[in-house]
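Letter by letter, the chains look like this.
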Amino acid sequence: MRSLSTRIAMLQFITSSRVLFPNCVQKSSQLPLVLRYYKYHDTPRFRRNVRVEPATFDALVTLIEGHEVFQNDSQNQQAPVEVQLAIVLRRFGHFGSAASNEEIAQWAGCSAGFITICTRRVIAAFNSVHDLAIQWPTATEKRAASDWVESRSCQAWRPGYAMVDGTLVPLFAKPGHYGAQFYDRKCNYSLNIQVRAEHKQRLPSPS
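First, a word on what this report is: a plain description of the structure on this page.

About the criteria used
Sequence order as written defines residue numbering, which begins from 1 separately in each chain. Only residues with pLDDT of at least 70 are given local features in this predicted model, and only at 80 or more are side-chain atom pairs given and counted; all residues enter the totals for whole chains, interfaces and linings. To obtain the side-chain values, all non-hydrogen atoms of the structure were included, while hydrogens and water were left out. Any Lys or Arg side-chain nitrogen located within 4 Å of an Asp or Glu carboxyl oxygen qualifies as a salt bridge. Runs of H or I in DSSP of at least four residues are treated as helices and runs of E of at least two as strands, each being numbered from the N terminus. Stacked, tilted and edge-to-face are the three classes applied to pairs of Phe, Tyr and Trp rings, where Trp contributes its six-membered ring and a pair requires centres within 6.5 Å; stacked means planes under 30 degrees apart, edge-to-face means over 60, and tilted covers the rest. What a helix should span is 1.5 Å times the count of its residues minus one. Relative accessibility decides the category of a residue: with a 1.4 Å probe and only protein chains considered, values under 20% of the type maximum give buried, values over 50% give exposed, and everything between is partly exposed. As used here, the arc belongs to the directions running from the helix axis to the C-beta atoms. Angles shown run from 0 to 180 degrees and are taken between the N-to-C directions of axes, each axis being a line fitted to C-alpha atoms and, for helices, limited to the stretch in contact. Each angle is binned into one of four classes, with values under 35 degrees roughly parallel, values over 145 roughly antiparallel, values of 65 to 115 roughly perpendicular, and all other values oblique. Crossing handedness follows the turn of the near helix against the far one: under a right angle anticlockwise gives a left-handed crossing, and clockwise gives a right-handed one. By the convention used here, residues are in contact when the closest approach between their heavy atoms is within 4.5 Å. Classification convention: Asp, Glu, Lys, Arg as charged; Ala, Val, Leu, Ile, Met, Phe, Trp, Tyr, Cys, Pro as nonpolar; all other residues, Gly among them, as polar. Within this scheme, the nonpolar core is defined by two criteria: the residues are buried Ala, Val, Leu, Ile, Met, Phe, Trp, Tyr or Cys, and they are joined through side-chain atoms within 4.5 Å.

**Here we look at the pattern of salt bridges**
When the charged atoms of two side chains with opposite charge come close together, those side chains can pair.
Turning to step 1, where the next piece is worked out: Across all of its chains, the model carries four salt bridges by this definition.
Turning to step 2, where the next piece is worked out: Among the ionic pairs, Glu 82 bridges to Arg 36, the shortest N-O distance being 2.7 Å. Of this pair, Glu 82 sits in helix α5 (residues 81-92) while Arg 36 sits in helix α2 (residues 31-41), and the two are 46 residues apart along the sequence.
Turning to step 3, where the next piece is worked out: A salt bridge links Arg 45 to Asp 42, with the shortest nitrogen-to-oxygen separation between them at 2.9 Å.

Next up, the structure:
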């Protein structure tokens, strides 16, 4: 009789358990340090972690926190929007293995699957407010940028109010032709993609 009851209890345990032998990985989240201390007392380290200024971070949270993707009817509440945004910005600010789910999960002190969930939610939220989150500069901002360009270069470059920026795309291996030419400052072989935006209308210098 005891053997039968033991088997029934074991069967119930098996059918009600999603994972029989969970793999518990110890993690220590860096989020409290980043969001509670660096954000208010150490801006360079905050920026190094999430790639934006504290004021920009707060503005982005305000922009998306009301989106339905962050609402649910479950008894289990979602993580705060600021936490999910910080995780995604950390991920987007890195590449290669440093941007992997496992690496970001270790930094955030959560599961790797949660990184994917946060990424999908944040992207969905920003897609819905694209025109509010991404805007061309106003005439005043263009003029201020042109003044800065001229002060740092020459008057001929004044019409270009937008700056040139680029990103490195790591290559799997050293190219067979002119391989040394692809070796970058970060000690990787990569391609450098640059984007340039210019304002066609010449902005006059202030009188």
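**Considering the packing of aromatic side chains**
To describe a pair of aromatic rings, you give the distance between the ring centres and the angle between the ring planes.
Turning to step 1, where the next piece is worked out: Applying the stated criterion across every chain yields a total of three aromatic pairs.
Turning to step 2, where the next piece is worked out: Centre to centre, the rings of Tyr 37 and Tyr 38 are 6.1 Å apart; their planes meet at 65°, and the pair counts as edge-to-face.
Turning to step 3, where the next piece is worked out: With 5.6 Å between their ring centres and 85° between their planes, Phe 46 and Phe 57 make a pair best called edge-to-face. Linking Phe 46 in helix α3 (residues 43-50) with Phe 57 in helix α4 (residues 54-64), this pair joins segments that are eleven residues apart in sequence.

**Points about helix α9 (residues 139-152)**
Turning to step 1, where the next piece is worked out: When the terminal C-alpha atoms of α9 are compared, their 20 Å separation across 14 residues agrees well with the 20 Å that a helix rising 1.5 Å per residue should span.
Turning to step 2, where the next piece is worked out: All of the buried residues in α9 are Lys 142, Ser 146 and Val 149. Buried residues of α9, viewed axially, fall in a sector of 60°; they line one side. For α9, exposure combined with an orientation more than 90 degrees from the buried face picks out Thr 140 and Arg 152.

**What to know about the packing of α5 against helix α6 (residues 101-108)**
Turning to step 1, where the next piece is worked out: Interaxial distance between α5 and α6 falls to 10 Å at its minimum, and their mutual angle equals 135°. Considering the angle they form, α5 stands oblique to α6. The crossing of α5 and α6 is right-handed. Counting all contacts with α5, which are made through Ala 86, Ile 87, Arg 90 and Arg 91, the residues of α6 involved are Asn 101, Ile 104, Trp 107 and Ala 108.
Turning to step 2, where the next piece is worked out: In terms of residue class, the contact of α5 with α6 is built from five nonpolar, one polar and two charged.

**Let's talk about α6**
Turning to step 1, where the next piece is worked out: For α6, the complete set of buried residues consists of Asn 101, Ile 104, Ala 105, Trp 107 and Ala 108. The buried residues of α6 occupy an angular sector of 160° when the element is viewed end-on, so they sit on one face. Opposite the buried face of α6, by more than 90 degrees, sit the exposed residues Glu 102 and Gln 106.
Turning to step 2, where the next piece is worked out: As for α6, its buried residues are in contact with α2, α3, α5 and α7 (112-128).
Turning to step 3, where the next piece is worked out: One or two residues past the end of α6 sits Gly 109, with phi positive at roughly 70°.

**What about the nonpolar core?**
Turning to step 1, where the next piece is worked out: Counting residues in hydrophobic clusters, the biggest one holds 32 residues, and the most contacted among them are Leu 31, Leu 35, Phe 57, Leu 85 and Ile 87.
Turning to step 2, where the next piece is worked out: Every element with two or more residues in this core is listed here: α2, α3, α4, α5, α6 and α7.
Turning to step 3, where the next piece is worked out: In contact with Ile 87, other than residues within four places in its own chain, are Leu 31, Ile 104, Trp 107, Ala 108, Cys 110, Phe 114, Ile 115 and Cys 118.

**A short note on the side chain of Asn 49**
Turning to step 1, where the next piece is worked out: Within the fold, Asn 49 resides in helix α3.
Turning to step 2, where the next piece is worked out: Of the residues examined, Asn 49 reaches a relative accessible area of 12% and is grouped as buried.
Turning to step 3, where the next piece is worked out: Setting aside residues no more than four positions away along its own chain, Asn 49 makes contact with Val 34, Tyr 38, Arg 90 and Trp 107.

**Some words on the environment of Lys 186**
Turning to step 1, where the next piece is worked out: Looking at the secondary structure, you find Lys 186 in the loop between β1 (165-170) and β2 (190-195).
Turning to step 2, where the next piece is worked out: When the C-alpha atoms of Lys 186 and Pro 170 are compared, they prove to be 9.9 Å apart, with 16 residues separating the residues in sequence.
Turning to step 3, where the next piece is worked out: Those residues within four positions of Lys 186 in sequence are excluded, and the remaining contacts are Phe 95 and Leu 168.

**Here we look at the environment of Glu 102**
Turning to step 1, where the next piece is worked out: Inspection of the secondary structure puts Glu 102 in helix α6.
Turning to step 2, where the next piece is worked out: Separated by eleven residues in sequence, Glu 102 and Gly 113 place their C-alpha atoms 8.9 Å apart.

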